[in-house]
Amino acid sequence: MPRSQVATFSIDRVEILDQDGRVDESLEPDIADERLLEWYRTMKRSRRLDGRVIALQRRGELGTFAPATGQEAAQVGSTAALDEDDWTVPAFREHPSALARGGSAREIIEYAMGLEEGGEPPDDVPMMPPSIAVGTQPLHAAGIGWAEAMKETDSVALTYFGDGATSEGEVYEAMNLAGVYDAQTVFFCQNNQYAISTPLSKQTRAATLAQKAVAAGIEPIQVDGNDILGVYAVTKAALERARRGVPTLIEATTYRREMHTTADDPSVYRTAEEEESWEPLDPILRFERYLRERGILDDETVESIDAEIETDLEESLEAARETKSNADQVDMFDYAYEERPPYLERQREAFVADEGYTVAPVAGSRGDGGSSALEGRHEDAVDGGEEGADRLNMVEAIRETLRAEMERDDDVLVYGQDVGVDGGVFRATQGLLDSFPERVHDAPVAEAGIVGLGVGLAAAGYRPVAEIQFAGFSFQAFAQIQQHLSRIRHRSRGKITCPMVVRAPYGLGVKALEHHSESYEAGYAHIPGINVAIPSTARDAAGLLRSAIRSPDPVLFFEPMPLYRAARRPVPDETLVPLGEARAVERGTDATVIAWGAMVRAVEDAVNDLDAEIEIIDLRTISPMDTETVLESVRKTGRCVVVHEAPRTGGFAGEIAARIADEAVWHLEAPIERVTGYDVPVPLPAREESYRPGPDSIRAAVERVLAA
């Protein structure tokens, strides 16, 4: 078969200091003596800190800790190359880098003690908090780098990860997306030879890890990670390339001289001979030889630095112990959201009261109730009224709301698969690219990448609105949603927020292919820190989306596909529907029926000809759920049916029923009925109508509770 060569590549390796501390003067960077001494001081502080924390952990005073012994040159050298406005996006072993950016040993000890205070980013340093989930944070660095490129700043995001992380798909997605968007990002891989116990030879057949950059179209380079001068020089050059829109993957070859974490025993998978072979390559000894040869380090200076470090560690340990002794346990409630939802506030109240409740009771919750929660909740939205309003269907309302919010706020950014030239699969973004060419971007097919980029974009000041083509494919991004989108505010103790919207069409009724019709909103509602909104009308779609975009917290915005092109209705400009407020579609006194999304229309059809006054509640927001509106309605009617098209087991109807049982059970005159999908995979179109709740099954359930 004839073949021709279409591409070749080579990987350069840099070493400036050899293992004896001798320098290649042609490559030696020009660095002041005092700065070199500060690097040495930081490396030794990190090494001594590792030893101290390991000893404390063995005594039971601290939790699991990941030492960085042996990797000090890789981190201190790369961090030293950063400008003050550059970002650090760490994994979980980056305390040498944190120390090099002015962090304290106290904070590192606090984090090892299990205190969130220790992971809180500093006020004056662009830095993300530690990321435990392997290989997930490079996407955030790609997002930050893309944001800085769009803002035309000189700031770069430097992200750290280990050799094990390079086997994670999200690391490749991050490099690929950084290349696509000319992100000002540097990827720094610390190849310490092991992914916990798995040696590099069992992780990849590639000759280098640096060459993994080639497929993503970004620059690769390898450096001796135990050579602090080489690391500094390579990182400095990579940062300059990044400022020109050329990302780089740096592979720093080094050795993890201690355990993976204090829960690990490396003697099980490493030999003493192997460890001894790396002894001469110790980065601190190598650098110390160089400094002595240069005449800026002697025994007296070493002793002085050691004494200074010991004093600092003692003071830091005592300060951390004081932080722990004064830690307020109620603090765990304070950072999940900018403003705590009412139900979470009641949980906090119960915790503070310590009277055996998980959720604090409210006045009248087990008495006669009332209708206060329903007052003011029956209007569709806050707006200027329907007179003169454009008549829009749901997809048009979404499109025009996106347009209006982009006109209102230059930080609103729209991106996702096919949202640009194509205008989205359902044309929800049609025409936006023409109006906002710098803020509407097509994305590769990479759902985790789309969401992970958004975390970085939001950290850097944007309000990203990302589209996942179908909610069934949001599971590819589940790790980013659950581990980062929902947690970054809590993890950073409010220092870094994530005002991001993830839009996704969902639900049955359009005869789509497998995975295109799933309705798993309950799974996302189970994740603290995010809001889940589902409109059932064009007006609510506009109002909820506007609130979602303006929200300081992340929102998953699920759009029911069957309603996209339902009948047009008036949608006033500036329609605003607060998140967490249900809507009473119809008032009634005989039974309450609760639904959301496309099921609201099905409920209306089902009860339209019943000889009873049925109160229909459209939740509109699954999380936070408007518990009080539900409870007040059920206290009034005494009967309840909950309808959703998701599978029955674990569906959100169970949560609604549980809250009613908690606080309104004595008002019930009949068992709560659930009308749901079945506990089977969503069928293909030929059987989907048999799976999906319809008017007949809904009407039958309502009749049963009325007859009880």
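If you're wondering where the values come from, they're calculated on a predicted model, not measured in any experiment.

## Quick look at the overall build of the chain
Each helix and strand in the chain was counted, giving 24 helices and 22 strands. Since a compact globule built from 708 residues should have a radius of gyration of about 27 Å, the 29 Å found for the chain is in line with a globular shape. When contacts within the chain are restricted to residue pairs at least 6 apart in sequence, those whose partners lie at least 24 apart make up 81%. Approximately 28,700 Å² of the chain is accessible, and the part contributed by carbon and sulfur atoms is 46%. One way to put it: in the chain the 71 positive side-chain charges average out to a point 3 Å from where the 125 negative ones average out.

## Some thoughts on the environment of Thr136
Counting through the fold element by element, Thr136 comes out in the loop between α4 (105–112) and α5 (138–150). Linking Thr136 and Glu168, residues 32 residues apart in sequence, is a C-alpha distance of 8.2 Å. Setting aside anything within four residues of it in sequence, one finds Thr136 in contact with Ser131, Glu170, Gln480, Gln483 and His484.

## Structural notes on the sheet that holds strand β22 (residues 673–677)
Sheet strands pair by backbone hydrogen bonding; their relative direction is either parallel or antiparallel. Strand order in the open sheet made by the five strands is β17-β19-β18-β21-β22, with mixed pairing throughout. Each having just a single partner strand, β17 (583–586) and β22 make up the two edges of the open sheet. Within this sheet the neighbouring strands show an average axis-to-axis angle of 25 degrees, counted without direction. One ladder, built from five bridges, connects strand β18 (residues 591–595) with strand β19 (residues 614–618); its direction is parallel. Within β19, the residue paired with Ile594 across the bridge is Ile617. Across the sheet, helix α24 (residues 695–707) is in contact with β18, β19, β21 (640–647) and β22; its angle to β22 comes to roughly 170 degrees.

## Quick notes on the packing of aromatic side chains
A complete count under the given rule lists 18 aromatic pairs for this structure. For the pair Phe287 and Tyr290, a centre-to-centre distance of 6.1 Å together with 15 degrees between the ring planes defines the contact as stacked. Within this pair, Phe287 and its partner Tyr290 are both found in helix α10 (residues 283–294), separated by three residues, close to a single helical turn. An angle of 75 degrees between the planes, with centres 5.8 Å apart, marks the rings of Phe426 and Phe470 as edge-to-face. A residue pair is termed long-range when its members are at least 10 positions apart, and Phe426 in the loop between β10 (412–416) and α14 (432–435) and Phe470 in the loop between β12 (463–467) and α16 (478–485) qualify at 44 residues. Here a set of aromatic residues connected by ring pairs shows up, and it is made of Phe475, Phe478, Tyr506, Tyr520, Tyr524 and Phe558. The positively charged end of Arg270 is found above the aromatic ring belonging to Tyr194, 5.7 Å away from the centroid.

## Let's talk about the nonpolar core
Counting residues in hydrophobic clusters, the biggest one holds 78 residues, and the most contacted among them are Leu485, Trp596, Leu619 and Ile656. The element contributing the most residues to this core is helix α15 (residues 447–459), with seven residues. Those residues in contact with Leu485, other than ones at most four positions away along the chain, are Val451, Val455, Gln480, Cys498, Met500, Val502, Ile530, Pro554 and Leu556. In this structure, Tyr160, Ala242, Ile250 and Ala320 belong to the second largest nonpolar core, which totals 56 residues.

## Regarding unusual backbone geometry
Trans peptide bonds make up the majority, and among non-glycine residues the majority have a negative phi. Of note, the bond from Ser623 into Pro624 is cis; its omega dihedral lies within 30 degrees of zero at 0 degrees. Mapped onto the elements of the fold, Pro624 is located in the loop between β20 (621–623) and α21 (627–637). The phi dihedral of Asp182 is positive, around 55 degrees, even though this residue is not glycine. When you line up the elements, Asp182 lands in the loop between α6 (169–180) and β4 (185–191).

## Quick word on the pairing of β21
The buried count for β21 comes to eight of eight residues, which makes it a mostly enclosed element. Both β18 and β21 contribute to a ladder of three bridges, which runs parallel. Counted as the bridge partner of Thr592 is Cys640 from β21. Direction of pairing for β21 relative to β22: parallel, over a ladder of four bridges. What sits directly across from Val642, in β22, is Arg674. In terms of handedness, the path from β21 via helix α22 (residues 652–664) over to β22 forms a crossover that is right-handed.

## Side note on the environment of Trp146
Summarising the element assignment, Trp146 is placed in helix α5. We classify Trp146 as buried; its relative accessible area is 2%. Each C-alpha atom of the pair Trp146 and Ala178 lies 7.0 Å from the other, and the pair is 32 residues apart in sequence. Residue contacts for Trp146: discarding those within four places in its chain leaves Tyr181, Ala183, Gln184, Leu413, Tyr415, His441, Leu453 and Leu457.

## Things to note about the pattern of salt bridges
Scanning the model with the defined rule gives 67 salt bridges in all. Arg41 is the partner of Glu34 in a salt bridge, and the nearest nitrogen-oxygen pair spans 4.0 Å. Arg568 serves as the salt-bridge partner of Glu396, at 2.6 Å between the closest nitrogen and oxygen. In this pair, Glu396 sits in helix α13 (residues 394–408) while Arg568 sits in the loop between β15 (555–560) and β16 (569–571), placing the two residues 172 residues apart along the sequence. For Glu396, a relative accessible area of 15% corresponds to the buried category. One network of salt bridges, with partners in common, ties together Glu34, Glu38, Arg41, Arg45, Glu308 and Asp312.

## Some words on the packing of helix α1 (residues 33–58) against α10
Where α1 contacts α10, the axes come no closer than 11 Å and their chain directions differ by 150 degrees. Relative to α10, α1 is oriented roughly antiparallel. Considering the relative orientation of α1 and α10, their crossing is left-handed. The residues of α10 that touch α1, namely those facing Asp33, Leu36, Trp39, Tyr40, Met43, Lys44 and Arg47, are Pro283, Ile284, Phe287, Glu288, Tyr290, Leu291 and Arg294.

Rules behind the numbers
- Residues numbered from 1 in each chain as written.
- Predicted model: local features only at pLDDT ≥ 70, side-chain atom pairs only at ≥ 80, totals over all residues.
- Heavy atoms only, no water.
- Helix = DSSP H or I, 4+ residues; strand = E, 2+ residues; numbered from the N terminus.
- Rg over C-alpha atoms; globule rule 2.2 N^0.38 Å.
- Contact = heavy atoms within 4.5 Å.
- Areas by Shrake-Rupley, 256 points an atom, 1.4 Å probe, with all protein chains shown as cover.
- Lys, Arg positive; Asp, Glu negative; His and termini not counted.
- Charge placed at Lys NZ, Arg CZ, Asp CG, Glu CD.
- Pairing = 2+ DSSP bridges.
- Axes fitted to C-alpha atoms, helices over the stretch in contact; angles between N-to-C directions.
- Phe/Tyr/Trp six-rings, centres within 6.5 Å; stacked < 30°, edge-to-face > 60°.
- Lys NZ or Arg CZ within 6 Å of the ring centre and 35° of its normal.
- Core = buried A, V, L, I, M, F, W, Y, C linked by side-chain atoms within 4.5 Å.
- Buried < 20%, exposed > 50% of the residue type's maximum accessible area, 1.4 Å probe, protein only.
- Right-handed = clockwise from strand over helix to strand, strands pointing away.
- Salt bridge = Lys/Arg side-chain N within 4 Å of Asp/Glu carboxyl O.
- Parallel < 35°, antiparallel > 145°, perpendicular 65-115°, else oblique.
- Left-handed = near helix turned anticlockwise from the far one by under 90°.

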